[in-house]
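In case you want the letters, here they are:
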Amino acid sequence: MRATDRETYDELYRSAPAVWSGRPNRQLVVEAAGLPAGTALDAGSGEGGDALWLAERGWRVTAVDFSPVALQRGAAAARARGLADRVEWVHADLEEWTPPQGGFDLVTAHYLHARSAGERTELFRRLAAAVAPGGTLLVVGHLLDAAAAHHHGTGHLDPAVFYRAEDVAAVLDPGEWSDVVTGVRERDHGAAERTGNPVPDTVLVARRTSRAR
């Protein structure tokens, strides 16, 4: 994202004591509740609702975001909840930052934006490469067609920020991934009401094989 985008997000976070609910995203709870705790990367962590939920369940989390305001807020919440030693807060632009290859048992990303389709593809490749053998990749976005309809006429629609789960699946090497599932799921009703955005989720869940074939 451009510096002006980072500044805009900082302004958003400064506009209220808490921009988001603090609760974890619905699809993370659905997919990760049954996983054994390990290491997790929360890509685009915002104020840390997902990272804190994982940490409370025994995960060691690396939470990455380009807004220092959001990260400071998440770190404060972690300290208040006795989780400071379980979450590392990393200030970085995900379009420039490369996570350690094979470094995480779970990589989760919700509603990431990119400057272009090409840069989005490279971003998802880097996130996929960060999943350890036997680990899980979870990517959730706003469904492309529904998002376009929802934003029609607002002047704020940039098609590059929207995608389908199948776009993410396309970057995965079939020899290294199994149980690749893509689909559309209804968005959490509470989140839809709070944000005024009822657009369904497009969801990819994939397991990395224990070894490359």
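Residues numbered from 1 in each chain as written. Predicted model: local features only at pLDDT ≥ 70, side-chain atom pairs only at ≥ 80, totals over all residues. Heavy atoms only, no water.

Engineer: With reference to specific residues and values, describe the packing of aromatic side chains.
Structural biologist: Scanning the model with the defined rule gives 1 aromatic pair in all. Centroid distance Phe124 to Tyr163: 5.2 Å. Interplanar angle 70 degrees. Geometry classified as edge-to-face. Here the residue Phe124 occupies a position in helix α5 (residues 117-129), and Tyr163 occupies one in the loop between α6 (144-151) and α7 (165-169), the gap between them amounting to 39 residues. What makes Tyr163 buried here is its relative accessible area of 2%. (Phe/Tyr/Trp six-rings, centres within 6.5 Å; stacked < 30°, edge-to-face > 60°. Helix = DSSP H or I, 4+ residues; strand = E, 2+ residues; numbered from the N terminus. Buried < 20%, exposed > 50% of the residue type's maximum accessible area, 1.4 Å probe, protein only.)

Engineer: Please give an account of the pairing of strand β1 (residues 39-43) that cites residues and values.
Structural biologist: Of all 5 residues in β1, 4 are buried, a share of seventy percent or more. Where β1 lies against strand β2 (residues 60-65), 5 bridges are found, and the strand directions are parallel. Bridging across to β2, Thr39 finds its partner in Arg60. Between the parallel pair β1 and β2, the chain is carried across by helix α3 (residues 49-56), and the sense of this crossover is right-handed. Alignment of β1 against strand β4 (residues 104-110), held across 4 bridges, turns out to be parallel. Each residue of the ladder has a partner; that of Leu41, found in β4, is Val107. (Pairing = 2+ DSSP bridges. Right-handed = clockwise from strand over helix to strand, strands pointing away.)

Engineer: Kindly report on the pattern of salt bridges, identifying the contributing residues and their values.
Structural biologist: One pass over the full model with this rule turns up 6 salt bridges. Note that Glu31 and Arg207 form a salt bridge whose closest N and O atoms lie 3.8 Å from each other. Here Glu31, found in helix α2 (residues 26-32), pairs with Arg207, found in strand β7 (residues 201-208); they are 176 residues apart in sequence, far enough to count as distant. A salt bridge links Glu122 to Arg125; the nearest nitrogen and oxygen atoms lie 2.6 Å apart. Placement of the pair is Glu122 and Arg125 together in helix α5, with a separation of 3 residues, close to one helical turn. Accessibility expressed as a relative area gives 38% for Glu122, which makes it partly exposed. Each of Glu56, Arg57 and Arg81 takes part in one network of salt bridges that share partners. (Salt bridge = Lys/Arg side-chain N within 4 Å of Asp/Glu carboxyl O.)

Engineer: Pulling in residues and values, what's your account of the sheet that holds β7?
Structural biologist: Note: strands within a sheet are paired through backbone hydrogen bonds, in either parallel or antiparallel orientation. Strand order across the open sheet formed by 7 strands is β3-β2-β1-β4-β5-β7-β6, with mixed pairing between neighbours. Looking at which strands have only one partner, the edges of the open sheet turn out to be β3 (87-91) and β6 (177-185). Within the sheet, the average angular offset between the axes of one strand and its neighbour, ignoring direction, is 15 degrees. In the packing of α5 onto the sheet, the strands contacted are β1, β4, β5 (131-142), β6 and β7, and the crossing angle to β5 comes to about 145 degrees. (Axes fitted to C-alpha atoms, helices over the stretch in contact; angles between N-to-C directions. Contact = heavy atoms within 4.5 Å.)

Engineer: How would you explain the pairing of β3 if you had to name every residue and give the values?
Structural biologist: Pairing of β2 with β3 involves 5 bridges; the strand directions are parallel. Of the residues in β3, the one forming a bridge with Thr62 is Glu88. For the handedness criterion, the β-α-β arrangement of β2, helix α4 (residues 68-80) and β3 is classed as right-handed.

Engineer: Could you give an account of the side chain of Glu47, naming the residues involved and the relevant values?
Structural biologist: Here Glu47 shows up in the loop between β1 and α3. Since its relative accessible area comes to 11%, Glu47 is described here as buried. Polar side-chain contacts of Glu47 include one of 2.8 Å to the side chain of Arg73. (Polar contact = N/O pair within 3.5 Å; in protein donor to acceptor, adjacent residues only side chain to side chain.)

Engineer: Account for the confidence of the model for the protein chain, with residues named and values stated.
Structural biologist: Averaged over every residue, the pLDDT of the protein chain is 83; the share at 70 or more is 75%. Mean pLDDT across the secondary structure elements of the protein chain bottoms out at α6, with 48, and peaks at β1, with 98. Between residues 146-157, whose pLDDT stays under 50, and residues either more than four places distant or in other chains, the model counts 13 contacts. (pLDDT = per-residue confidence, 0-100.)

Engineer: Tell me about the environment of Ala92, and please be specific about residues and values.
Structural biologist: Mapped onto the elements, Ala92 comes out in the loop between β3 and β4. What makes Ala92 buried here is its relative accessible area of 13%. Contact partners of Ala92, with chain neighbours within four places excluded, come to Val64, Asp65, Phe66 and Trp97.

Engineer: Describe α5, listing the residues and the values that go with them.
Structural biologist: For α5, spanning 13 residues, the distance from its first C-alpha to its last is 18 Å, which sits close to the expected 18 Å at 1.5 Å a residue. Within the sequence span of α5, burial applies to Arg120, Leu123, Phe124, Arg126, Leu127 and Ala128. Those residues of α5 that are buried lie in contact with β1, β4, β5, α7, β6 and β7. (Expected span 1.5 Å × (residues − 1).)

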